[in-house]
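# Structure assessment
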Amino acid sequence: MDADLEILIVEDDPAIAESLTDGIGQEGYRIHWEATGAGGLAYARSHDPRLVILDVRLPDGSGFDVCREMRLLGLRQPILMLTVQSEELDKVLGLEMGADDYLTKPYRLRELLARIRALMRRAYGELSSIEADVLYVGDLVLDRGRARVSRGDRTINLTPTEFRLLVFFAQHPGQVFSRAQLMDNVWGYQGDYYDEKTVNVHIRRLREKIEFDPSTPELVQTVPGMGYRLAALP
Amino acid sequence: MLGPVGRVSLRYRLPLSYAAVALVTMLVLGAILLAILSNYYAGAETAYLNAGGDRVVRELSRVDWRAVSEGESADGVLAAQQRVLAVALVTQLRVQVERPDGESLIDSGPPASIDPSVLMVVGGPGSSGETSPGPRDQSDDPSDGDGPPPGLPSPLGAGLFGGAGSGEVVRSHRTTERTLTQDGQTVAIAHLSEGPAYGATVIRTTVKGWLLAGCAAVLLAAGLGWWVSNRITRPLSEITTASDSMAGGDLAARADVHRSDELGRLADSFNSMAAGVQQNVLALQRFVADAAHELGTPLTALEADLELAHDRSASEEERRLMSRAMRQAERLEQLSANLLRLSRLDTGRLAGPSEPVDLVALTHHVADAVASRAEQAQIDLIIDVPEGEIWTQGHEDKLRAAVSNLADNALKFTPAGGSVTLGLATAQGDARLWVEDTGIGIPDEDREGLFGRFHRGRNVSAYPGSGLGLAIVKATAELHGGTVKAETVAHGSRFELTLPIRSQAAEK
């Protein structure tokens, strides 16, 4: 990947910073680490990184203040806040201060990477649209031309039905479809003779392939009594 | 909380005991006073009777009794009759004279009915024949105010007789008997009785006054006792209220007592103890919260590194070890998150406003959230929730977390092909929210400490968990004034949350 994609990490804990540097670095990003809010702010002004990861708890104040000051200085890059407090207030504050996303510690590395990819794509990449050959679901990339799904640099192998199912969902993010509707639109079955279990089984297999944790699906969601929908991700 | 204090309250006991002391004092004093008074009047009445008796004897001794007994002359007796009647009138005594053989010679009758005209008869002996002994109704003018004859002691002094003239005079039951002897022979026996008992009137008046004063004293004592007891119990109830509030979770409650006596010192020492408790509890809770926070940071780094190592490791064996380490790190992470949650619930009653929460919507939300998991685990999710709204008062996020916790548990412990039911109903003014599964159930020996902190069931060692989930559910239920119970049902377990319903009428 382009070494020009620089990410600034403002985090006072060296263990986390090192771990982040390693983890994000493997995705091809260049990492710069600052331990203080003041240092982070100075670096952001002088180097204009592509993305900023900001810890809420900093030795010289709150990450919210740094975030707000960056916005006041006219810096527009995506800001991802890291917080240990899962309180609603913190989240709202963080987003109102101009942060684009937040993640609660402790987080999973792949979740963080997914958020970074999604933020990067939103800020610098192509926009998702039904007509486009490439669709995005969070950090999943659906390349319709090559019938390929990837996450980061990892390719996910889907069967043609699973792929069609995912593409159909991705074209209507957040919309709920009954099993009959899915049979119509994905399988092309018309009429009454279909087995709903077919849909259930395919959904389950799809989840096993694309979800971080298939036992707690976050992308393809069951809506009790109605059907399924794809989570509307940023 | 302790029950209300009833009649045994100091508030009532103190005035009552004051009144009782006043009553006893009054009774004792009254009894002594009465004894002294009646003793004095008894002596006075006896002396009066004796003086009257002496006078009667003197009058009778003028009679030539031998002549009388021999039937020679009754004149002497007639004259004596007049004199004795006069004495009876003046002394207001009943005088009866009889012969030794029992023949009645003179009877003045009750003193009040003695005809005052006898005095005039005494003055003119010639007309004595018209007067007969015994009461007689005559319309003549009463005597022109002769005082008691000289030599007769005034009964008990004029001062005490002030009110004696008006109304009925109380008669004494005392009597005296005099025997008259002449020439060594008993000639007549005089009985004196029904003397004026002015003492009784005095005593009656005194008793009346004493009763009045006594009642006033008892009431006064009770009033005083009430005032004193209020001064004592008000600071006590202040302290009680404060300690009840503390027990109810308001660690900032203090007793507002400003006094320099022992109660003031008690309040001060209670307040400083409360401050100490508050400080300790807050410090402990802060410690737990801080510890959970501090654990979070290295755990995050640890997990990220393990993940990285896992993804990069070439050998299957290494990846297996990494996965295992990651699972343990995840468990630690859950533990610290739950500790943090629990410590927030513990301090929950000190912070955060509560608001109306619709349990119907909440149950649907939880069902939505776990539906994907249930389907993925091939568990049938049954939603048994009534139409409409069921409101309770509380913190929606905490309640939702508690119900999610129960639902998560149910999914965790139910094998594929089973079912999990999320139910909601109202019963006896409460909302009942239950989660029933067809899972592994609860062994009897785990029933006891099921909701305890760090409790892990005997049959769950194969499942991940921190042992804090149900403790969190319980703390949440209690925070909302509800309860949670667990039971084993036919094919699994059932957990039921009972929460008070917030009536819509109470909303505004």
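Residues numbered from 1 in each chain as written. Chains lettered and ligands numbered in written order. Predicted model: local features only at pLDDT ≥ 70, side-chain atom pairs only at ≥ 80, totals over all residues. Heavy atoms only, no water.

### Some words on the confidence of the model for chain B
Residue and element names in this part refer to chain B. Taken over all residues, the pLDDT of chain B has a mean of 80, while the share at 70 or more is 85%. Ranking the elements of chain B by mean pLDDT puts helix α4 (residues 118-123) last, at 54, and strand β9 (residues 430-437) first, at 94. Confidence over residues 122-166 falls short of pLDDT 50; this stretch has 45 contacts with residues more than four positions distant or in other chains. (pLDDT = per-residue confidence, 0-100. Helix = DSSP H or I, 4+ residues; strand = E, 2+ residues; numbered from the N terminus. Contact = heavy atoms within 4.5 Å.)

### Details of a nonpolar patch on the surface
Residues and elements named next belong to chain B. A cluster of nonpolar side chains, namely V24, V28, I32 and I36, defines an oily patch on the protein surface of about 370 Å² accessible area. Assignment of secondary structure puts V28 in helix α1 (residues 10-61). Judged by its relative accessible area of 47%, V28 falls in the partly exposed class. (Patch = residues over 30% accessible without salt bridge, like charges linked within 9 Å, V, L, I, M, F, W, Y side chains within 5 Å. Areas by Shrake-Rupley, 256 points an atom, 1.4 Å probe, with all protein chains shown as cover. Salt bridge = Lys/Arg side-chain N within 4 Å of Asp/Glu carboxyl O. Buried < 20%, exposed > 50% of the residue type's maximum accessible area, 1.4 Å probe, protein only.)

### A closer look at the sheet that holds strand β10 (residues 483-489) of chain B
Residue and element names in this part refer to chain B. Pairing within the open sheet is mixed, and its 5 strands lie in the order β6-β8-β9-β11-β10. Strands with a single pairing partner mark the edges of an open sheet, and in this sheet they are β6 (380-384) and β10. On average, each strand axis in the sheet is tilted by 15 degrees relative to the strand beside it, whichever way the strands run. Pairing geometry for β9 and strand β11 (residues 492-500), over 7 bridges, is antiparallel. Among the inter-strand pairings, D430 is bridged to a residue of β11, identified as P500. (Pairing = 2+ DSSP bridges. Axes fitted to C-alpha atoms, helices over the stretch in contact; angles between N-to-C directions.)

### Here we look at the side chain of R71 of chain A
Residues and elements named next belong to chain A. Tracing the backbone shows R71 in helix α3 (residues 63-72). Within the structure, the side chain of R71 is placed 2.8 Å from the side chain of D100, a separation counted as a polar contact. Dropping the residues within four chain positions of it, R71 is found in contact with R76, Q77, P78, I79, M97, G98 and D100. (Polar contact = N/O pair within 3.5 Å; in protein donor to acceptor, adjacent residues only side chain to side chain.)

### Brief notes about the pairing of strand β8 (residues 134-137) of chain A
Residue and element names in this part refer to chain A. Judged from the 4 bridges that link them, β8 and strand β9 (residues 140-143) form a sheet pairing that is antiparallel. Looking at β9, one finds that L135 is bridged to L142. Counted along the chain from β8 to the antiparallel partner β9, the turn is 2 residues long, and its residue G138 has a positive phi close to 60 degrees.

### Details of helix α5 (residues 198-247) of chain B
Compared with an ideal rise of 1.5 Å per residue, which puts 50 residues at 74 Å, α5 of chain B spans 70 Å between its outermost C-alpha atoms and is within 8% of the ideal. Trailing α5 of chain B by a residue or two, G249 of chain B shows a phi angle of about 110 degrees, which is positive. (Expected span 1.5 Å × (residues − 1).)

### A closer look at unusual backbone geometry
A positive phi angle, near 50 degrees, is found at D48 of chain A, a position not held by glycine. Within the secondary structure, D48 of chain A is located in the loop between α2 (37-47) and β3 (51-55). Positive phi is not limited to glycine here, since E194 of chain B has a value of about 55 degrees. Mapped onto the fold, E194 of chain B is located in the loop between β4 (185-193) and α5.

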